[in-house]
Amino acid sequence: MRKKIYKILVTGGAGFIGSEFVRQAVKQGHQMVVVDKLTYAGDLARLKSVQGKFVFYKTDIADLQKVMIILKKERPRAIVHFAAESHVDRSILDASEFVYTNIGGTQQLLTASREMGIKRFIHVSTDEVYGEISRGKFKEHFPLNPNSPYSASKASADFLVKAYIHTFGFPAIIVRPSNNYGPWQFPEKFIPVIIYKAIKNQKIPVYAKGLNVREWLHISDCARAVLATLELGQEGEIYNIGSALECKNITLVKMILKILARSQHLITFVKDRPGHDFRYALDSHKIQNNLFWKPHVDFEEGIFQTVQWYQENFTWLERKVKFLENYWKQIYKPTHEGER
Ligand SMILES: NC(=O)c1ccc[n+]([C@@H]2O[C@H](COP(=O)([O-])OP(=O)(O)OC[C@H]3O[C@@H](n4cnc5c(N)ncnc54)[C@H](O)[C@@H]3O)[C@@H](O)[C@H]2O)c1
């Protein structure tokens, strides 16, 4: 069967996961339009390997007029919506940007997409909308119980998308990935923070006793799953995207220290994040059985390669760390960076 080629508009395509999606979609031959506000988290360097193979608009998704102009000009068949404020710790300090982009921006994008008759809309949500679970795994029909301002804003966006599906028959699909890791992640997130501090032989802050559990998914597996929902997903459905690979934060820190041959004495336990969810775990049978997706990257190998990537791209990593230090100095003094 010949593969269908689409014109796809990606929001947040200069971000960590969005850029991997763009890189993969370009390889598949899709025509790509990237819309990104280039906040502190966005960086076009992530797309340098596909330079010249996508159209770029530096635009705020909450600006309805500008989004309409782009949609009228580009006429994409599908929209994949990654753009968001994504750092939990920052949402705890100030949720206003999270409400603005994750809720307001999504609503404006939905309005524009409906008006323009977009044929398929993939809304990238998160496992965090379910809240925490001590035993078992979240299935797609479970009630949403978000605990942080970040996850509350993402859950609100999910409800908006669901309402558009129900009220207007809007052709949307919601995906809920677990914690992603891999190259190009901004060093306010857990894994690049650990790697940076370990390379520099600095103390590594770990919340509480580091027993919180996360399900780690490599970005290449996540982006491939999003492509699968775009091509084969059922309108109106929700798909969890998880690796089933659960790991305690402390175990992950020790793995990275071992790869970098650094002492475990660098680990420093710090006061827990307020409202810190203890464990997330997804049941991903639906996407595996219906869309024939499964994760390919072995966790240990994936972490090893990720550490190697940050070592090889240390200049980028350090530039981002320095940028962050200056950028947030005026706003707040971070005590620790969370795992997402
Ligand atoms: N990183 C994870 O582990 C993870 C896990 C599950 C779900 N998600 C979701 O996946 C999506 C992407 O996450 P990420 O880690 O790549 O985030 P990221 O912070 O790396 O990237 C977000 C991108 O969105 C852009 N952006 C922010 N506000 C915008 C606005 N108003 N208009 C246009 N662009 C804007 C930023 O410039 C950036 O390029 C998010 O929706 C996030 O909630 C992330």
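Residues numbered from 1 in each chain as written. Predicted model: local features only at pLDDT ≥ 70, side-chain atom pairs only at ≥ 80, totals over all residues.

Student: I tried to follow the overall build of the protein chain on my own but got confused; where do I start?
Tutor: Within the protein chain, the secondary structure is distributed over eleven helices and twelve strands. For a compact globule of 340 residues, the expected C-alpha radius of gyration is about 20 Å, and the protein chain comes in at 19 Å, within 12% of that figure. Going through the 340 residues of the protein chain one by one, you find that 49% of them count as buried. Partitioning the contacts of the protein chain with sequence separation of at least 6, the portion at a separation of at least 24 is 81%. (Helix = DSSP H or I, 4+ residues; strand = E, 2+ residues; numbered from the N terminus. Rg over C-alpha atoms; globule rule 2.2 N^0.38 Å. Buried ≥ 20, exposed ≤ 12 C-beta atoms within 10 Å, placed from the backbone. Contact = placed C-beta atoms within 7 Å.)

Student: I tried to follow the site of the ligand on my own but got confused; where do I start?
Tutor: The ligand sits among 31 residues. The nearest are Gly12, Gly15, Phe16, Gly42 and Ala84. Contributing elements (two or more residues each) for the shell around the ligand: helix H1 (16-27), helix H4 (96-115) and strand E7 (179-181). For the shell around the ligand, the element with the highest residue contribution is H1, accounting for three residues. When grouped by side-chain class, the residues that make up the shell around the ligand number 13 nonpolar, twelve polar and six charged. (Near = placed C-beta within 6 Å. Nonpolar A, V, L, I, M, F, W, Y, C, P; charged D, E, K, R; others polar.)

Student: Even after reading the chapter, I still don't get unusual backbone geometry, so can you show me in this structure?
Tutor: Among all residues save glycine, negative phi is the norm, and among peptide bonds the norm is trans. Positive phi outside glycine occurs at Leu38, with the angle close to 55 degrees. Relative to the helices and strands, Leu38 is located in the loop between strand E2 (31-36) and strand E3 (54-58). Phi at Ala261 takes a positive value of approximately 55 degrees, unusual for a residue other than glycine. Along the chain, Ala261 turns up in the loop between helix H8 (249-259) and strand E12 (267-270). Its 7 C-beta neighbours within 10 Å are what place Ala261 among the exposed residues.

Student: So what exactly am I meant to see when it comes to the nonpolar core here?
Tutor: Soluble globular proteins tend to bury their nonpolar side chains together. Counting 77 residues, the largest nonpolar core has Val10, Phe21, Val80, Val175, Ile194, Val226 and Ile256 as the members making the most contacts within it. Of all the elements, helix H7 (residues 219-232) adds the most residues to this core, at eight residues. Other than its neighbours up to four places away in sequence, Val226 contacts Phe21, Val80, Ile122, Val124 and Val175. Counting residues in each nonpolar core, the second largest holds eight residues, with Tyr130, Phe138, Tyr280 and Ala281 among its members. (Core = buried A, V, L, I, M, F, W, Y, C linked by C-beta atoms within 7 Å.)

Student: Looking at this structure, I do not really get the sheet that holds strand E9 (residues 213-218). What am I missing?
Tutor: Sheets are built from strands paired through backbone hydrogen bonds, the pairs being either parallel or antiparallel. The strand order across the open sheet built from three strands is E7-E9-E11, with neighbouring strands paired in mixed fashion. Bordering the open sheet on either side are E7 and strand E11 (246-248), each of which pairs with just one other strand. The sheet shows a mean angle of 50 degrees between the axes of neighbouring strands, taken without regard to direction. As paired elements, E9 and E11 share three bridges and run antiparallel to each other. Within E11, the position partnered with Val213 by the bridge is Lys248. Along the sheet face, H7 touches E7 and E9 and points at about 70 degrees away from the line of E9. (Pairing = 2+ DSSP bridges. Axes fitted to C-alpha atoms, helices over the stretch in contact; angles between N-to-C directions.)

Student: Sorry, what's going on with the environment of Lys203 here?
Tutor: Residue position: Lys203 is located in the loop between helix H6 (190-199) and strand E8 (204-207). Judged by C-beta crowding, with 12 C-beta atoms within 10 Å, Lys203 ranks as exposed. Once the C-alpha coordinates of Lys203 and Gln264 are considered, the two residues, 61 residues apart in sequence, prove to be 9.7 Å apart. Discounting residues that sit within four places of it in the chain, Lys203 has contacts with Lys197, Leu266 and Thr268.

Student: Before we go on, may I ask you to explain the packing of H6 against H8 in this structure?
Tutor: Between H6 and H8, whose axes approach to 10 Å, the crossing angle comes to 40 degrees. The orientation of H6 relative to H8 falls into the category oblique. Viewed along their axes, H6 and H8 form a crossing whose handedness is right-handed. Residues Ile194, Ile195 and Ala198 of H6 touch H8, and the partners they reach there are Val253, Ile256 and Leu257. Its residues assigned to classes, the contact of H6 with H8 shows six nonpolar, no polar and no charged. (Parallel < 35°, antiparallel > 145°, perpendicular 65-115°, else oblique. Left-handed = near helix turned anticlockwise from the far one by under 90°.)

Student: I keep staring at H6 and nothing clicks. Help me out?
Tutor: Because each turn of an α-helix spans 3.6 residues, side chains separated by three or four positions in sequence point in the same direction. By the criterion of burial, H6 is predominantly enclosed, with eight of the ten residues buried. For H6, the elements touching its buried residues are E7, E8, H8, helix H10 (299-312) and helix H11 (314-329). Just past H6, the residue Asn201 takes up positive phi, approximately 60 degrees.

Student: What should I look at first to understand H8 in this one?
Tutor: Listed in full, the buried residues belonging to H8 are Asn249, Leu252, Val253, Ile256 and Leu257. Buried residues of H8 fall within an arc of 135 degrees about the axis and therefore sit on the same side. Those residues of H8 that are buried lie in contact with H6, E8, E9, E11, E12 and H10. Of the residues one or two after H8, Ala261 is the one with positive phi, at around 55 degrees. (Arc of directions from axis to C-beta.)

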